[in-house]
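For reference, the chains in residue letters:
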Amino acid sequence: MISIRSVALSSLVVLGLFAACNDDSPNPGGTPDASVPDGSVPEMCTEAGTTQCGDICVSTDSDPAHCGECDQACTATEACEAGVCVAVCRIDGEQVQAGALNPANACEQCRPELYPTEWTPLVDGTACGSGQVCSTGACSSKCFIGGTLHDEGTPNPANACEVCTPATSTTAWSPRESIPLLVGGTDIAAQGWTAYTQAPNTLTYGQDYVRLATSTNSGGRTSGQLLIARPNSVDGTQPFKLRVTMQVESVNTHNQLDSGAAILGTFAPPAGNTTDRSQMIYLDSAAIGWADDTRSSAFAVTDGAYHVYELAVTADKVATVSVDGVAKLTRNNFTTNGTIAIGDQTNDPNVDGAVRIKSVEKLCQ
């Protein structure tokens, strides 16, 4: 006969087996399932171009705290570019690439190794635009030649026929057509000229000319003289060309070796010696000529217009006078002491003149 105890034990075994077969646990053996999130391990970075550094995802191409790799930090004056720390400036709250120019001043540059928080001036002479160079931190129309800055228009100290012309070159002297000896409208004394005078006369200035005028007092035995002269204008040992742009308003007929309107290619103060006066170019109302009366040429001198008078002297001392490009006079054996003069050369009564001089130049050969 089966005991009640045995039946009870058997029932418990069956129930235990049934419970085990119906357990819903996915891992009855107790091994962790990788598909179940674990709060102790951060999720891996999935965005393209990012790397997990600690518990964050970063771009090691551009993150200054993790540049190229985790925990590789750039300094305060560096930025991370393509995974490499590079020097930059930080000016007025903006990051500026090394070597970049200031948009507001082409003579300032980002130089982080010198001034990481402000613009660095470029050295004098650095090109900063067409026909311009840097000068004390600003872009200017100047030349930088032989390590020295020169203002526009400055002549070469070694050759006056060369000049600083930034539009042509900022690094070399540029040739020029002529050397200005007198510019109308500006003080003649400041330009190296001296006036030799006897009353009555007037010297006045217009916008672009200097006006010389003389007269004779009624019954006077002498007249006014007004001659302006400039020493060291030419080198008498070398060929030279002088150009005078001038208007003769009025003039009396010359006397031999004297003229109320004259151009002298050589001059000894106050009125010229015999050689100076014989080589002098007189300007009468309807003719020009040598004042020793060896040669003359008809020309409407007092026609109310400006004319260009040129005196050219060759190496063999042949002198040619041209008016507006047309040859009018020649002579041999022309000599000069280097001083030139223009105006009323004589105090002979009633040999007077009035001229307006716009410019005097020495032409470059």
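Residues numbered from 1 in each chain as written. Predicted model: local features only at pLDDT ≥ 70, side-chain atom pairs only at ≥ 80, totals over all residues. Heavy atoms only, no water.

Student: Got a minute to help me understand the state of the cysteines in this structure?
Tutor: Simply put, disulfide is the name for a covalent bond between the sulfur atoms of two cysteines. One pass over the structure, following the stated rule, counts nine disulfides. Two residues share a disulfide in this structure: Cys 53 and Cys 70, whose sulfurs sit 1.9 Å from each other. Across the S-S bond of Cys 53 and Cys 70 the torsion is about -85°, and the bridge reads as left-handed. With Cys 53 in strand E1 (residues 51-53) and Cys 70 in the loop between strand E2 (56-58) and strand E3 (78-81), this residue pair connects regions lying 17 residues apart in the sequence. For Cys 53, a relative accessible area of 5% corresponds to the buried category. What makes Cys 70 partly exposed here is its relative accessible area of 27%. (Disulfide = S-S within 2.5 Å. Helix = DSSP H or I, 4+ residues; strand = E, 2+ residues; numbered from the N terminus. Buried < 20%, exposed > 50% of the residue type's maximum accessible area, 1.4 Å probe, protein only.)

Student: Just to check I follow, could you spell out the pairing of strand E20 (residues 210-214) for this structure?
Tutor: The side chains of a regular strand alternate between both faces of the sheet. Most of E20 is tucked away: four of the five residues are buried. Where strand E19 (residues 201-205) and E20 come together, five bridges link them in antiparallel fashion. Along E20, the bridge assignment pairs Tyr 205 with Val 210. Here E19 hands over to E20 after four residues, the two strands then running antiparallel side by side. Direction of pairing for E20 relative to strand E31 (residues 353-363): antiparallel, over a ladder of four bridges. Bridging from a neighbouring strand, Ala 213 pairs with Ala 354 of E31. (Pairing = 2+ DSSP bridges.)

Student: What should I look at first to understand the side chain of His 150 in this one?
Tutor: Note that His 150 resides in strand E13 (residues 148-151). Overall, His 150 belongs to the buried group, its relative accessible area being 13%. Each residue touching His 150, except ones within four places of it in the same chain, is listed here: Lys 142, Cys 143, Ile 145, Cys 164 and Trp 173. (Contact = heavy atoms within 4.5 Å.)

Student: Even after reading the chapter, I still don't get the sheet that holds strand E11 (residues 138-140), so can you show me in this structure?
Tutor: Hydrogen bonds between backbone groups are what pair the strands of a sheet, and the pairing can be parallel or antiparallel. Ordered by their spatial adjacency, three strands build an open sheet running E9-E10-E11, and the pairing between neighbours is antiparallel. The sheet is open, and its two borders are formed by strand E9 (127-129) and E11, each paired with just one other strand. Across the sheet, the mean angle from the axis of one strand to that of its neighbour is 50°, orientation sign disregarded. Note: strand E10 (residues 132-135) against E11, three bridges, orientation antiparallel. Its bridge partner being in E11, Cys 134 is matched across the sheet by Cys 139. (Axes fitted to C-alpha atoms, helices over the stretch in contact; angles between N-to-C directions.)

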